[in-house]
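Listed below, chain by chain, are the residues.
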Amino acid sequence: MTSLLSTQEFWQYLSIPVIAALIGWTTNWLAIKMTFYPLEFIGKPPLLGWQGIIPSKARKMAAISVDATISKIGTVREIFQQIDPKVLATHIVHSVEPRIEEYVDEMMLKEYPTFWENLPASARKMVYDRVRKSTPQLVDNLVEDVSDNIEDLLDIKGMVIERLASDKELLNRIFIECGEVEFRFIINSGLYFGFLFGLIQMSVWYVYPSWWVLPFFGLLVGWATNWIALNVIFRPLHAKKVGPFRIQGLFLKRQPAVAESFCHIVTHEILTVGNIINAILDGPKGDRARNMVKKHIKPLVDETAGMGKALTQMAFGPTGFATLKNKVGEKAIEISQTSFNNPVFEKDRAQAVESIMVERMIALSSEEFQDLLRPCFQEDEIKLILVGAFLGFGAGVCQLVFVFGESFL
């Protein structure tokens, strides 16, 4: 035994499965990294360089992710109802009420400083009181109107796609966090499968030590470890009982955990109340939404000015009163977009939406659920496998030349 351990040939042969394991681990690790990084293209486009597969097709991947999940687990109306329009209205009123005097002063001093400064304090107080009294009902009416028309006002698919396409790091994080266990398995499995292939490679090399054996098996290890790992993750699609074991794709087994991870990111960082309100006011139907706000705010100006409408119209002029209504509407829109910068409120509403989304995502079929992660491998999957095969081939050549001292040809 001692003499065997001291022979160079023994260590050369022993190195074959060890190197094969390292090839498997390295190629799988590289495949995962190349899927997500770099975020931007590095090199000279279009061929000399690389950009992560997910970031390079951010818009397409975002669309696939939305189609595979959000579009199946909640409609626009259901999501908005889960946020609860009544809670929204109450929050807006509570946010605005303490600052009504500040808002009124700010707008009037900006637009009509002379009129406002010369108005008696009692008259200004009457304006404050009327605004404060009218605000709750106006806000209720506005939120109810938005809720009734939410499907037309909010393009939730477009909103999510735009958010993810513009934030590649966030898009990456969705896939990385949802598939963390699977990605770790892919990398580690390269070590195990590589070692097993290495044992076969060692046996073949012992029987038939031809120059092509090591490079060929290196290529095979680089290709096969990726292919096997991907199939173990997603296959079999449905649980099958083999003897005492219950076998199913690793990703599919974790459906409840993945649903929680995915829905938490989506509800807390994408479908937040603030983002939804901004998407309504600034989205494709933003003009309609803004006009809706102004329509519901106009009665506030009419009622407030009613105490001295003739005097007000005389002070502002024939067009000034109409301008005042428009300015109040613009201020209301501004307040609507800034009323939700409250982390506690955002988190509370996010949790409300998250609960229903998790429940429905867990209920998806295996065919539907696999579409969350599978696309990130399907896109340019062949490139990753070829890169692994190429690196494995190169490692096999190095093994032939530097470990066994053989000529490549």
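Residues numbered from 1 in each chain as written. Predicted model: local features only at pLDDT ≥ 70, side-chain atom pairs only at ≥ 80, totals over all residues. Heavy atoms only, no water.

**Points about the pattern of salt bridges**
Per the counting criterion, the structure on display carries 21 salt bridges. In this structure, glutamate 78 and arginine 360 form a salt bridge, with 2.6 Å as the shortest nitrogen-oxygen distance. Placement of the pair is glutamate 78 in helix 6 (residues 76–83) and arginine 360 in helix 22 (residues 343–362), with a sequence separation of 282 residues. In this structure, aspartate 167 and arginine 163 form a salt bridge, with 3.1 Å as the shortest nitrogen-oxygen distance. For arginine 163, a relative accessible area of 27% puts it in the partly exposed group. Each of Glu106, Lys331 and Glu334 takes part in salt bridges that share partners, so that together they form one network. (Salt bridge = Lys/Arg side-chain N within 4 Å of Asp/Glu carboxyl O. Helix = DSSP H or I, 4+ residues; strand = E, 2+ residues; numbered from the N terminus. Buried < 20%, exposed > 50% of the residue type's maximum accessible area, 1.4 Å probe, protein only.)

**Re the UniProt feature "transmembrane region" (unreviewed entry) in the protein**
As annotated in UniProt, the feature "transmembrane region" (unreviewed entry) corresponds to residues 12–32, 190–208, 214–234 and 384–404 in the numbering used here. With 95% helix and 0% strand, the stretch residues 190–208 has end C-alpha atoms that lie 25 Å from each other. Secondary structure across residues 214–234 comprises 100% helix and 0% strand; the distance between its end C-alpha atoms is 30 Å. (UniProt positions renumbered as here; feature names shortened; annotations may be inferred.)

**A few points about helix 22**
The periodicity of an α-helix, 3.6 residues per turn, causes residues three or four positions apart to be oriented the same way. The end-to-end C-alpha distance of helix 22 is 27 Å, a good match for the 28 Å that 20 residues give at a rise of 1.5 Å each. The complete set of buried residues in helix 22 reads Phe345, Glu346, Arg349, Ala350, Ala352, Val353, Glu354, Ile356, Met357, Val358 and Met361. Looking at the buried residues of helix 22, the elements they touch are helix 5 (70–73), helix 6, helix 7 (85–96), helix 17 (255–269), helix 18 (273–282) and helix 23 (366–369). Of the residues that open helix 22, the one with a side-chain oxygen 3.0 Å from the backbone nitrogen of valine 344 is asparagine 342. (Expected span 1.5 Å × (residues − 1). Contact = heavy atoms within 4.5 Å. Polar contact = N/O pair within 3.5 Å; in protein donor to acceptor, adjacent residues only side chain to side chain.)

**A short note on the side chain of arginine 254**
With respect to the secondary-structure elements, arginine 254 resides in the loop between helix 16 (250–253) and helix 17. Here cysteine 178 takes part through its backbone oxygen, which lies 2.8 Å from a polar atom of the side chain of arginine 254. Residue contacts for arginine 254: discarding those within four places in its chain leaves Cys178, Gly179, Glu180, Val181 and Glu182.

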